[in-house]
Amino acid sequence: MPVRFGVLGCAEIAQRRTIPGLLAHPDIELVAVASRDANKAARFAAEFGCAAMTGYQRLLDDDDISAIYLPLPAMLHADWVERALLAGKHVLVEKPLGSSHFQAVELTELAREKRLVLLENMMFLQHSQHRRAAELLADGAIGELRSFSSTFTIPPKPPDDIRYQAAGGGALLDIGCYPVRTAMYFLGDDLTVDGAVLRHDRARGVVLSGAALLTNAAGVIAHLNFGLEHSYRSDYEFAGSTGRLVVDRAFTPPPSYAPVLRLHRQSGTDEIALPPEDQFQAMLNFFVAAVRGDEETSTSVAETVRLARMLDTIAIRAHTVYTRPGPYCEPGFN
Ligand SMILES: NC(=O)c1ccc[n+]([C@@H]2O[C@H](COP(=O)([O-])OP(=O)(O)OC[C@H]3O[C@@H](n4cnc5c(N)ncnc54)[C@H](OP(=O)(O)O)[C@@H]3O)[C@@H](O)[C@H]2O)c1
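Residues numbered from 1 in each chain as written. Predicted model: local features only at pLDDT ≥ 70, side-chain atom pairs only at ≥ 80, totals over all residues. Heavy atoms only, no water.

Describing the packing of aromatic side chains
Part 1 of the argument: Per the counting criterion, the structure on display carries 16 aromatic pairs.
Part 2 of the argument: Between F5 and F287 the ring centres are 5.5 Å apart and the planes differ by 45 degrees, which places this aromatic pair in the tilted class. Within this pair, whereas F5 is found in strand β1 (residues 3-8), its partner F287 is found in helix α8 (residues 279-291), the two being separated by 282 residues in sequence.
Part 3 of the argument: Among the residues examined, F5 registers a relative accessible area of 0% and is labelled buried.
Part 4 of the argument: Both rings, one in Y236 and one in F238, keep their centres 5.5 Å apart while their planes meet at 80 degrees; by these two values the pair is edge-to-face.
Part 5 of the argument: In this structure F238 comes out as buried when scored by relative accessible area, which is 0%.
Part 6 of the argument: Grouping aromatic residues by their ring pairs yields a cluster made of F124, F152, Y178, Y232 and F251.
Part 7 of the argument: In this structure, R83 is placed above the aromatic ring of W80, and the distance from its NZ or CZ to the ring centre is 4.1 Å.
Part 8 of the argument: Of note, R202 hangs over the ring of Y322, and the distance from its end group to the ring centre comes to 3.8 Å. (Phe/Tyr/Trp six-rings, centres within 6.5 Å; stacked < 30°, edge-to-face > 60°. Helix = DSSP H or I, 4+ residues; strand = E, 2+ residues; numbered from the N terminus. Buried < 20%, exposed > 50% of the residue type's maximum accessible area, 1.4 Å probe, protein only. Lys NZ or Arg CZ within 6 Å of the ring centre and 35° of its normal.)

Structure follows, in structure tokens:
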């Protein structure tokens, strides 16, 4: 019996990556897409061969649908996740699950009570290149780990993109969650936030970029950068007592990309070539297995809640600087 999906919102990420992934999955059936706009829903439905619905609640009320993919702007996630869970649906929600630790706790607790799967689509962690990097560290490939750095930055998007509106959550929630989650993955669950800076666009009321400095109990330092106003960069690097390990294309490798981990040591550089992997498909496999009771999700759920707490702490501790007018600032801003 396939997992019968409905999609809330005709989002770009749904059109480009997730819906093709749903359609290609042997254990998933795409039943319907819902939009606030009937014409938009009809266009998506025609493109992907499913039903069109106007209004998200209509889709949630459909008993034929058992699971929801939710790619709405970040600040709307919590409300619609709650409604989807109350309607008895399993939910795959785009990152971040909510906009605060409090919301993450409430929603994961609701899913637990209702015995429904709720997963945050942090799909990059499904890619085995990160496990390989962890193995190299554990094998002592760079000696003792001293520091970790990670950057996820993307070039400016059109001015009407949701990321430049309060509803989109800004750079910390939308982009910063990746390097923070990566630091958690490699450095453990005892990270403290020792400093952070957020560049805030006062005119639009959103954070455009930022940086955070974290430390774990062993004294390993993490330098993290994120933003919506730089050239593209998506990588991380470990510095150890005897070498460095670099992972490029860390967060959004396309399915055809064959990763190469670079190990720099006194003796020279080794390149560790890995086969391509489809992390979208891997995430869907995980979700389907969880819905069928074949995968345990409690670790992922706990990490989602911890990530929300880290993001909250960074926001609270951050020194905020206000950006000067740039090409995408509202006219008249000063
Ligand atoms: N996991 C990943 O690799 C990945 C990659 C990219 C994005 N994302 C996440 O996916 C989500 C969507 O990103 P996106 O770039 O695809 O965004 P997008 O194209 O702007 O789509 C967001 C959708 O939300 C709906 N919506 C509801 N209320 C809205 C409002 N007030 N303003 C704008 N849209 C509203 C719209 O659908 P209707 O008009 O049809 O109702 C819109 O198409 C974000 O949470 C983002 O962080 C994840």
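Further notes follow.
Topic: unusual backbone geometry
Part 1 of the argument: Of note, the amide linkage connecting K95 to P96 takes the cis form, showing an omega dihedral of -5 degrees.
Part 2 of the argument: Locating P96 in the fold gives a position in the loop between β5 (90-93) and α5 (101-114).
Part 3 of the argument: Despite not being glycine, R115 shows a phi value in the positive range, around 55 degrees.
Part 4 of the argument: In this structure, R115 sits in the loop between α5 and β6 (118-120).
Part 5 of the argument: Since its relative accessible area comes to 77%, R115 is described here as exposed.

Remarks on the domain arrangement of the chain
Buried accessible area, meaning the area lost when the parts come together, often serves as the stated size of an interface.
Part 1 of the argument: You can read the domains of the chain as domain 1 (3-123) and domain 2 (127-282 + 310-322).
Part 2 of the argument: Distance between the C-alpha centres of domain 1 and domain 2: 27 Å.
Part 3 of the argument: In this complex, domain 1 contributes 17 residues to the contact, which on the side of domain 2 involves 18 residues.
Part 4 of the argument: A combined buried area of about 1,500 Å² lies between domain 1 and domain 2, and 63% of that area is made up of carbon and sulfur atoms. (Domains from an automatic or database assignment. Contact = heavy atoms within 4.5 Å. Buried area = accessible area lost by both parts, 1.4 Å probe.)

Concerning the packing of helix α1 (residues 12-24) against α8
Part 1 of the argument: Packing of α1 against α8 brings their axes to within 10 Å, and their N-to-C directions diverge by 55 degrees. The orientation of α1 relative to α8 falls into the category oblique. Of the two elements, α1 crosses α8, and the hand of that crossing is right-handed. Contacts from I13, R17, T18, G21, L22 and A24 in α1 reach F280, Q281 and L284 in α8. (Axes fitted to C-alpha atoms, helices over the stretch in contact; angles between N-to-C directions. Parallel < 35°, antiparallel > 145°, perpendicular 65-115°, else oblique. Left-handed = near helix turned anticlockwise from the far one by under 90°.)

Here we look at the sheet that holds strand β10 (residues 221-227)
Part 1 of the argument: Read from one edge of the open sheet, nine strands run β14-β13-β12-β11-β7-β10-β9-β8-β15, paired in mixed fashion. The sheet is open, and its two borders are formed by β14 (268-273) and β15 (319-322), each paired with just one other strand. Strand-to-strand twist across the sheet, computed as the mean angle between neighbouring axes with direction ignored, equals 15 degrees.
Part 2 of the argument: Relative to β10, strand β7 (residues 145-153) runs parallel, the two sharing seven bridges. (Pairing = 2+ DSSP bridges.)

What about α5?
Part 1 of the argument: With 14 residues, α5 extends 20 Å from end C-alpha to end C-alpha; this agrees with the ideal 20 Å at 1.5 Å per step.
Part 2 of the argument: The complete set of buried residues in α5 reads A104, L107, T108, L110 and A111. Across the axial projection of α5, the buried residues extend over an arc of 155 degrees, all falling on one side. Opposite its buried face, α5 presents the exposed residues F102, R112 and E113, each directed more than 90 degrees away.
Part 3 of the argument: Tucked inside the fold, the buried residues of α5 contact α4 (74-86), β6 and α9 (298-317).
Part 4 of the argument: Residue R115 follows α5 closely and has a positive phi angle near 55 degrees. (Expected span 1.5 Å × (residues − 1). Arc of directions from axis to C-beta.)

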